[in-house]
Amino acid sequence: QVQLVEFGGGLVQPGGSLRLSCAASGSIFSINVMGWYRQGPGKQRELVAAITSEGRTNYADSVKGRFTISRDNAKNTVYLQMTSLKPEDTAVYYCNTDVDDGSSRFRNYWGQGTQVTVSS
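Residues numbered from 1 in each chain as written. Predicted model: local features only at pLDDT ≥ 70, side-chain atom pairs only at ≥ 80, totals over all residues. Heavy atoms only, no water.

Thoughts on the overall build of the protein chain
In step 1: When helices and strands are counted, the protein chain shows 0 helices and 11 strands.
In step 2: Going from the N terminus to the C terminus, the protein chain shows its helices and strands as β-β-β-β-β-β-β-β-β-β-β.
In step 3: Computed over the C-alpha atoms, the radius of gyration of the protein chain is 14 Å, within 12% of the 14 Å expected from 2.2 N^0.38 for a compact globule of 120 residues.
In step 4: Referenced to the eigenvectors of the C-alpha coordinate spread, the extents of the protein chain come out at roughly 50 × 25 × 25 Å.
In step 5: The buried share among the 120 residues of the protein chain stands at 42%.
In step 6: When contacts within the protein chain are restricted to residue pairs at least 6 apart in sequence, long-range pairs at least 24 apart make up 55% of them.
In step 7: When the accessible surface of the protein chain is summed, it comes to about 6300 Å², and 47% of that surface belongs to carbon and sulfur atoms. (Helix = DSSP H or I, 4+ residues; strand = E, 2+ residues; numbered from the N terminus. Rg over C-alpha atoms; globule rule 2.2 N^0.38 Å. Buried < 20%, exposed > 50% of the residue type's maximum accessible area, 1.4 Å probe, protein only. Contact = heavy atoms within 4.5 Å. Areas by Shrake-Rupley, 256 points an atom, 1.4 Å probe, with all protein chains shown as cover.)

This is the structure in structure tokens:
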């Protein structure tokens, strides 16, 4: 079994910054893509950013130039540095990843979510 634990959410003023982190633990042989999704009030869950094990990244158009995703493969951890935050970034942010536990099959896992609120 694999667990994803997220840290770093909170309340921030518009224009401010936050850094989210998500650490994977448990039966891990290898990790493929790691990503961040978010779900705002009354909205569907959407991809924010993703990063492959080789470091290739992908961002939603709404966060390009403001958010940066990175990962530490040795620590099985993914980060999301968020800058120039806007009220519309308010959402629950979820970590997501595909993990091979040694069975040669990748399974998809979600974190519990962390609230980010951008408000003055």
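Text resumes after the structure shown.
Describing the environment of S21
In step 1: Following the sequence through the fold, S21 ends up in strand β3 (residues 18–26).
In step 2: With 17 residues separating them along the chain, S21 and L4 place their C-alpha atoms 10.0 Å apart.
In step 3: Setting aside residues no more than four positions away along its own chain, S21 makes contact with V5, E6, F7, W36, T77, V78 and Y79.

Structural notes on the sheet that holds β3
In step 1: Reading across from one edge, β1-β3-β8-β7 is the order of the 4 strands in this open sheet, with antiparallel pairing throughout. Both outer strands of the open sheet, β1 (2–7) and β7 (67–72), are each paired with one neighbouring strand and no more. Pairwise comparison of adjacent strand axes, ignoring direction, gives a mean angle of 15 degrees for this sheet.
In step 2: Examined bridge by bridge, β7 and strand β8 (residues 77–82) share 6 bridges and lie antiparallel to one another. Counted as the bridge partner of T68 is Q81 from β8. (Pairing = 2+ DSSP bridges. Axes fitted to C-alpha atoms, helices over the stretch in contact; angles between N-to-C directions.)

Focus on the pairing of strand β4 (residues 30–39)
In step 1: As judged from the 8 bridges shared by β4 and strand β9 (residues 91–100), these two strands associate in the antiparallel manner. By the bridge assignment, S30 is partnered in β9 with D100.
In step 2: As judged from the 5 bridges shared by β4 and strand β5 (residues 46–51), these two strands associate in the antiparallel manner. Bridging across to β5, Y37 finds its partner in L47.
In step 3: Adjacent in sequence and paired antiparallel, β4 and β5 are bridged by 6 residues, among which G42 carries a positive phi angle near 70 degrees.

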